[in-house]
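Summary of structural features
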Amino acid sequence: MSQQRNLISKDTRKELDRQWVALNPKLTNVEFWKHEWEKHGTCSNDQLNQVQYFDTALRLKRQYDILKILEAKGIKPNDGSYKVSAIKAAIKEKIRYDPIVRCVEKEKLKLILYEIFLCVAKDGSKFEECETSKEDIPIPIDEEEYEASTCPNDGNCYVYN
């Protein structure tokens, strides 16, 4: 990953530090970005190098601010729980594709939004439908405590910022 740090501009690195942080407390941001590149970025390696991959991800994040999309539909962080179906509908209305919404379960049956997963064309030009198999992949967050998995569509989850 040290190679990647040298390839990415200081401005991009600062934006990554602000906008794409590791949620797993056991990973540094750099370790997380390395994982993201190796797991997802290399799929587009024939069209995007590392720098282009991260620049494209940040551009899409700026262009489609998920928090603003949700807030426009009355779904506000730190303001209670919301239907997962409402979260998905708000995003699909703006982006035109179904997101995968992953939650963690805390305190017995309290679901907390962990991530919103959107699939992007290999060239980074647009969103596209995700393979349904991606929905069922549990994501270990903290080996001792939590695992993120797809939120039930008819369930409620808490949204925090």
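The paragraphs below set out a description of the structure included in this document. (Residues numbered from 1 in each chain as written. Predicted model: local features only at pLDDT ≥ 70, side-chain atom pairs only at ≥ 80, totals over all residues. Heavy atoms only, no water.)

1. Some remarks on a negative patch on the surface
A contiguous patch of negative charge on the surface is contributed by Asp 123, Glu 128, Glu 129 and Glu 131. Position of Glu 129 among the secondary structure elements: in the loop between strand E5 (127-128) and strand E6 (139-142). You can call Glu 129 partly exposed: its relative accessible area is 42%. (Patch = residues over 30% accessible without salt bridge, like charges linked within 9 Å, V, L, I, M, F, W, Y side chains within 5 Å. Areas by Shrake-Rupley, 256 points an atom, 1.4 Å probe, with all protein chains shown as cover. Salt bridge = Lys/Arg side-chain N within 4 Å of Asp/Glu carboxyl O. Lys, Arg positive; Asp, Glu negative; His and termini not counted. Charge placed at Lys NZ, Arg CZ, Asp CG, Glu CD. Helix = DSSP H or I, 4+ residues; strand = E, 2+ residues; numbered from the N terminus. Buried < 20%, exposed > 50% of the residue type's maximum accessible area, 1.4 Å probe, protein only.)

2. With respect to the side chain of Ser 44
On the secondary structure map, Ser 44 appears in the loop between helix H3 (29-39) and helix H4 (50-63). Overall, the relative accessible area of 5% leaves Ser 44 in the buried class.

3. Digging into helix H2 (residues 10-19)
Each α-helix winds once per 3.6 residues, and so residues spaced three or four apart point in a common direction. Considered for burial, the residues of H2 that qualify are Thr 12, Glu 15 and Leu 16. With its buried residues spanning 105° around the axis, H2 presents them on a single face. Seen from the open side of H2, the exposed residues pointing more than 90 degrees away from its buried face are Lys 10, Lys 14 and Arg 18. Among the structural elements, H3 and H4 are those in contact with the buried residues of H2. (Arc of directions from axis to C-beta. Contact = heavy atoms within 4.5 Å.)

4. Notes on the environment of Asn 49
Relative to the helices and strands, Asn 49 resides in the loop between H3 and H4. Sequence spacing of Asn 49 and Trp 37 is 12 residues, and the spatial spacing of their C-alpha atoms is 9.7 Å.

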